[in-house]
Amino acid sequence: MGALVTLDLPEDSPMLGLPWIITFGPLGEADEWEPVVCGPYERPHALALAEAVVAEEQLMAVVEPLLPAVSAEEIRGEIAAAQVAAEDESARIEEADLYGDFEDTIDEEFEAAAAEEHRTEPLAPPSEAELRAGFARIAAKLTGGAA
């Protein structure tokens, strides 16, 4: 069984309505191959597909929103925000190293989260027809049409 990583969003988050992509990659450092990016999908479809794949393979799947940018400035803003977040994370890790092993804390949090997971079976993946209907809804959203 592999691993699935995604954002934990509140039910009213506007990000839930965005198109979502799945990035599949190796689970461990022993495997080295280029990640495979699939999508865009509607979020429930992305989660179900990712779960179906990692349930049977030793892979990592990252399900994340696709942020459709409409200008170079908007892209630069997203890049700057990501860089600031990375710097903040780096500073937090360095600070944690002063007071203990941050990696042990992260491992304990992952283990606790895994222990709380009650679902034993992955969601059924959507059919091709369901995916194509989702693609049409995403295209309508991106072009300003009705969904």
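Since we're looking at a predicted model, the values are computed, not measured.

Draft legend 1. Structural context of the overall build of the protein. Across its full length, the protein carries four helices and four strands. Listed N to C, the secondary structure of the protein is β-β-β-α-β-α-α-α in terms of helices and strands. Buried positions account for 22% of the 147 residues belonging to the protein. A separation of at least 24 residues holds for 66% of the contacts in the protein among residues at least 6 apart in sequence.

Draft legend 2. The arrangement of the sheet that holds strand S2 (residues 20-26) in detail. Taken together, the four strands give an open sheet; going across it, the order is S1-S4-S2-S3, and neighbouring strands pair in mixed fashion. Single-partner strands in this sheet number two, and they are strand S1 (3-6) and strand S3 (36-41). For this sheet the average axis-to-axis angle between neighbouring strands, irrespective of direction, equals 20 degrees. When S1 meets strand S4 (residues 59-65), the two strands line up parallel, connected through four bridges. Within S4, the position partnered with Leu4 by the bridge is Ala61. Relative to the sheet, helix H1 (residues 43-54) contacts S1, S2, S3 and S4, its axis offset from that of S4 by approximately 175 degrees.

Draft legend 3. Main features of the environment of Ala46. On the secondary structure map, Ala46 appears in helix H1. For Ala46, a relative accessible area of 0% translates into the label buried. Separated by 15 residues in the primary sequence, Ala46 and Ala61 place their C-alpha atoms 10.0 Å from one another. Sequence-distant contacts of Ala46, defined by excluding residues within four places in its chain, comprise Trp20, Ile22, Tyr41 and Val63.

Draft legend 4. Region of interest: the nonpolar core. Ile22, Tyr41, Ala46, Leu49, Ala50, Ala61 and Val63 are the most contacted members of the largest nonpolar core, which has 13 residues in total. If one sorts the elements of this core by residue count, H1 sits on top with five residues.

Draft legend 5. Main features of the packing of aromatic side chains. Within this structure, the stated rule accounts for one aromatic pair. Relative to Phe135, the ring of Tyr41 lies with its centre 5.9 Å away and its plane at 35 degrees, an arrangement referred to as tilted. Here Phe135 lies in helix H4 (residues 128-143) and Tyr41 lies in strand S3, a separation of 94 residues in the sequence.

Analysis parameters
Residues numbered from 1 in each chain as written. Predicted model: local features only at pLDDT ≥ 70, side-chain atom pairs only at ≥ 80, totals over all residues. Heavy atoms only, no water. Helix = DSSP H or I, 4+ residues; strand = E, 2+ residues; numbered from the N terminus. Buried < 20%, exposed > 50% of the residue type's maximum accessible area, 1.4 Å probe, protein only. Contact = heavy atoms within 4.5 Å. Pairing = 2+ DSSP bridges. Axes fitted to C-alpha atoms, helices over the stretch in contact; angles between N-to-C directions. Core = buried A, V, L, I, M, F, W, Y, C linked by side-chain atoms within 4.5 Å. Phe/Tyr/Trp six-rings, centres within 6.5 Å; stacked < 30°, edge-to-face > 60°.

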